[in-house]
Amino acid sequence: MMVKIKCPKCNVEGSISMVESSYQGPYRCWKCSALFTIKMENNELKSCEPLSQEEFDKQQEIEALKAKFKRQ
Ligand SMILES: [Zn+2]
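Okay, so let's go over this structure. Because the structure is a prediction, the values reported are computed rather than measured.

### Concerning the coordination of the zinc ion
Around a metal, the perfect tetrahedron of four donors has angles of 109.5 degrees, and the perfect octahedron of six donors has angles of 90 or 180 degrees.
For step 1, the next point in the chain: Protein-derived coordination of the zinc ion comes from Cys7 (SG), Cys10 (SG), Cys29 (SG) and Cys32 (SG), at a distance range of 2.3 Å.
For step 2, the next point in the chain: Each of the 4 donor atoms bound to the zinc ion contributes to angles spanning 108 to 111 degrees, and the resulting shape is tetrahedral.
For step 3, the next point in the chain: Each donor residue of the zinc ion lies on one chain, and together they are spaced C-x2-C-x18-C-x2-C. With cysteine 7 in the loop between β1 (2–6) and β2 (13–17) and cysteine 32 in the loop between β3 (23–28) and β4 (35–41), the pair connects residues that are 25 residues apart, well separated along the chain.
For step 4, the next point in the chain: Look at cysteine 7 and you get buried, because its relative accessible area is 0%.

Rendered as structure tokens:
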């Protein structure tokens, strides 16, 4: 399902696709390209913290690896 997230920086609404009702990982605003680490619980945004490009790349790698392992 898709869950809407409002960018804390520019207030533009974006969305992410959720597989489960909770999620923790990187999010990039489509409008201002701001990077955040978001934490979702029960499809609600619990925390949203600014993220550096370096950390964002690292987190995306981890997410990609996780997805890879899940498929096997
Ligand atoms: Zn934004």
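### Points about the side chain of threonine 37
For step 1, the next point in the chain: Position of threonine 37 relative to the elements: it lies in strand β4.
For step 2, the next point in the chain: Side-chain polar atoms of threonine 37 contact the side chain of glutamine 59, separated by 3.2 Å.

### Topic: the pattern of salt bridges
For step 1, the next point in the chain: Tallied over the full model, the rule gives 2 salt bridges.
For step 2, the next point in the chain: Lysine 39 is paired through a salt bridge with glutamate 41; the nearest N and O atoms lie 3.8 Å apart.
For step 3, the next point in the chain: The partner of glutamate 63 in a salt bridge is lysine 66, with the nearest N and O atoms 3.3 Å apart. Residue glutamate 63 and its partner lysine 66 are both found in helix α1 (residues 53–71); the two are separated by 3 residues, about one turn of the helix.
For step 4, the next point in the chain: You can call glutamate 63 partly exposed: its relative accessible area is 24%.

### Digging into the environment of serine 21
For step 1, the next point in the chain: Secondary-structure assignment places serine 21 in the loop between β2 and β3.
For step 2, the next point in the chain: In sequence terms serine 21 and methionine 40 are 19 residues apart; their C-alpha atoms lie 7.5 Å from each other.

### Some points on the layout of surface pockets
For step 1, the next point in the chain: When its volume is computed, the largest pocket comes out at roughly 490 Å³.
For step 2, the next point in the chain: Of all the elements, α1 adds the most residues to the lining of the largest pocket, at 7 residues.
For step 3, the next point in the chain: Along the lines of polarity and charge, the residues of the lining of the largest pocket split into 9 nonpolar, 4 polar and 5 charged.

### Digging into the sheet that holds β3
For step 1, the next point in the chain: The strand order across the open sheet formed by 3 strands is β3-β4-β5, and the pairing between neighbours is antiparallel. Two strands bound the open sheet, and with one partner strand each, they are β3 and β5 (44–50). Strand-to-strand twist in this sheet, taken as the mean axis angle between neighbours without regard to direction, amounts to 25 degrees.
For step 2, the next point in the chain: Strand direction decides the pairing type here: β4 and β5, joined by 6 bridges, are antiparallel. Bridge pairing links methionine 40 to leucine 45 in β5.
For step 3, the next point in the chain: Those strands touched by α1 are β3 and β4, and its axis lies near 130 degrees from that of β3.

What counts, and at which threshold
Residues numbered from 1 in each chain as written. Predicted model: local features only at pLDDT ≥ 70, side-chain atom pairs only at ≥ 80, totals over all residues. Heavy atoms only, no water. Donors = N, O, S within 2.8 Å, 3.2 Å for Na, K, Ca; no water. Tetrahedral: all angles 85-135°; square planar, octahedral: opposite > 155°, others 65-115°. Helix = DSSP H or I, 4+ residues; strand = E, 2+ residues; numbered from the N terminus. Buried < 20%, exposed > 50% of the residue type's maximum accessible area, 1.4 Å probe, protein only. Polar contact = N/O pair within 3.5 Å; in protein donor to acceptor, adjacent residues only side chain to side chain. Salt bridge = Lys/Arg side-chain N within 4 Å of Asp/Glu carboxyl O. 1 Å grid on protein atoms, 1.4 Å probe; cavity = no way out; pocket = protein on both sides within 12 Å on 5 of 7 lines; lining within 4 Å. Points joined across faces, edges and corners; volume = space filled by probe spheres on them. Nonpolar A, V, L, I, M, F, W, Y, C, P; charged D, E, K, R; others polar. Pairing = 2+ DSSP bridges. Axes fitted to C-alpha atoms, helices over the stretch in contact; angles between N-to-C directions. Contact = heavy atoms within 4.5 Å.

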